[in-house]
Amino acid sequence: MKWQKNLIIGGMMVGVAACSSGNELEDFPEIPPTTLYSEAVGLMNKGDFRDAAKKFEEVDKQHPYSEWAERAILMSSFSYFQAGQLDESASAARRFLSLHPASEEAPYAQYLIAQAHYNRLSDIGRDQTEARRALAAYTEIVRLYPESRYASEAEARQSEILNHLAGKDMEVGRFYLGRDNYVAAINRFRSVISDYQTTQHVEEALLRLTEAYYALGVVNEAQTAAAVLGHNYPDSEWYADAYKLLQSGGLEPVEDRGSWISRTLRRVS
């Protein structure tokens, strides 16, 4: 049988290793998990988080089936986070979740993943990959652990990151609009309308759509953008600007219920 053959080969290898290494096992004695864990905690308490993380990892490597291994993986993630090694922190937390998905500490592991990505959030002038990863991680907290102590913070972070991402699209859209690249601008403002409806940027996006469509001569969509803006945000300064723009051409806000703008935002309040 194949497994028998493997067992025999494995036994031979152990025998060869024992003969050839002499006192190798004595030179590298196994350290009890409690000792490794205690040493890691000591390093952590001294603020030496980088070495503490590595020591916690040793618990898992040397004693993967011990009761200490589970908590050591999570503590290594925490220590890496404190050391500013965010990739390593997220990786350790993911390992914890893959091995112990039903653990009562699973919400905290997911929280560490989210925080690791959140702490790498760049300003809106840079790539937004980390923002999207953080958003996905916080969304998982709300979805999987709605009763956990981290859920309310995760919801707040979701709102913050959505505003952040919408702000990025607005920045790029304004860039294109200022250079008369109206189609590219419309695509960015449309993304804000479609993907980030709960953010503070929707009002301005509707004004910019009014401007871009008006400049292209797509009067129907310009009037619809202004009408939907006025319907949902009647006291908005952005609406005043949109109304003034249309009036300068002898037009008024008129909603086309068949427009994508109307279908997307008609019922926003």
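Residues numbered from 1 in each chain as written. Predicted model: local features only at pLDDT ≥ 70, side-chain atom pairs only at ≥ 80, totals over all residues. Heavy atoms only, no water.

Brief notes about the pattern of salt bridges
Evaluation of the coordinates by the stated rule reveals 14 salt bridges. With a shortest N-O distance of 3.5 Å, arginine 157 and glutamate 160 are connected by a salt bridge. Of the two residues, arginine 157 and glutamate 160 both sit in helix H9 (residues 151–178), three residues apart, roughly one turn of that helix. Glutamate 160 gets classed as partly exposed once you look at its relative accessible area, which sits at 35%. Salt bridges sharing common partners tie together Arg174, Glu204, Arg208 and Glu211. (Salt bridge = Lys/Arg side-chain N within 4 Å of Asp/Glu carboxyl O. Helix = DSSP H or I, 4+ residues; strand = E, 2+ residues; numbered from the N terminus. Buried < 20%, exposed > 50% of the residue type's maximum accessible area, 1.4 Å probe, protein only.)

Concerning the environment of glutamate 204
Tracing the sequence through the fold places glutamate 204 in helix H11 (residues 202–216). According to the relative accessible area criterion, glutamate 204 is buried, its value standing at 10%. With 34 residues separating them in the primary sequence, glutamate 204 and tryptophan 238 have C-alpha atoms 6.0 Å apart. For glutamate 204, the residues in contact, after removing those within four places along its chain, are Met170, Arg174 and Trp238. (Contact = heavy atoms within 4.5 Å.)

Quick look at unusual backbone geometry
Unlike most non-glycine residues, aspartate 180 shows phi in positive territory, near 60°. Assignment of secondary structure puts aspartate 180 in the loop between H9 and helix H10 (182–195). Overall, the relative accessible area of 51% leaves aspartate 180 in the exposed class.

Some remarks on H10
Compared with the 20 Å implied by 1.5 Å per residue over 14 residues, the 20 Å span of H10 between its first and last C-alpha is a close match. At its buried positions, H10 is contacted by H9, H11 and helix H14 (260–265). (Expected span 1.5 Å × (residues − 1).)

Examining the environment of serine 89
Assignment of secondary structure puts serine 89 in helix H6 (residues 86–99). Expressed as a C-alpha distance, the spacing of serine 89 and alanine 116, which sit 27 residues apart in the sequence, is 6.8 Å. Dropping the residues within four chain positions of it, serine 89 is found in contact with Ser77, Tyr80 and Phe81.

Some points on the packing of H9 against H10
Closest axis-to-axis distance for the H9/H10 pair is 8 Å, and the angle between their directions is 160°. Here H9 lies roughly antiparallel to H10, going by the angle between them. Read as a crossing pair, H9 and H10 show a hand that is left-handed. Every residue of H10 that contacts H9 at Ala166, Asp169, Met170, Val172, Gly173, Arg174, Tyr176 and Leu177 is listed here: Tyr182, Ala184, Ala185, Arg188, Phe189, Ser191 and Val192. Of the residues belonging to the contact of H9 with H10, the class tally is ten nonpolar, two polar and three charged. (Axes fitted to C-alpha atoms, helices over the stretch in contact; angles between N-to-C directions. Parallel < 35°, antiparallel > 145°, perpendicular 65-115°, else oblique. Left-handed = near helix turned anticlockwise from the far one by under 90°. Nonpolar A, V, L, I, M, F, W, Y, C, P; charged D, E, K, R; others polar.)

Points about the side chain of serine 76
Counting through the fold element by element, serine 76 comes out in helix H5 (residues 67–82). By relative accessible area, serine 76 is classed as buried at 2%. Once you skip the residues sitting within four places of it in the chain, serine 76 turns out to touch Ala53, Phe56, Glu57 and Ala92.

What about the packing of aromatic side chains?
Counted by the stated rule, this structure contains nine aromatic pairs. With a centroid separation of 6.3 Å and 25° between ring planes, the pair formed by tyrosine 108 and tyrosine 111 is classed as stacked. On the criterion of helical spacing, the pair formed by tyrosine 108 and tyrosine 111 is a turn pair, its members being three residues apart in helix H7 (residues 106–118). On the accessibility criterion, tyrosine 108 (19% relative accessible area) is buried. The class of tyrosine 111 is buried, set by a relative accessible area of 13%. Joined through ring pairs, the aromatic side chains of Tyr37, Phe56 and Trp68 make up one cluster. The lysine or arginine in question, arginine 71, covers the ring of tryptophan 68, its NZ or CZ lying 4.4 Å from the ring centre. Arginine 157 extends its terminal NZ or CZ atom over the ring of tyrosine 118, reaching a point 4.0 Å from the ring centre. (Phe/Tyr/Trp six-rings, centres within 6.5 Å; stacked < 30°, edge-to-face > 60°. Lys NZ or Arg CZ within 6 Å of the ring centre and 35° of its normal.)

So, the packing of H10 against H11
Contact pair H10 / H11: the axes reach a minimum separation of 9 Å and the direction vectors enclose 155°. On the basis of the axis angle, H10 is roughly antiparallel to H11. Here H10 runs over H11; the crossing is left-handed. Every residue of H11 that contacts H10 at Tyr182, Val183, Ile186, Phe189, Arg190, Val192 and Ile193 is listed here: Val202, Ala205, Leu206, Arg208, Leu209, Ala212, Tyr213, Ala215 and Leu216.

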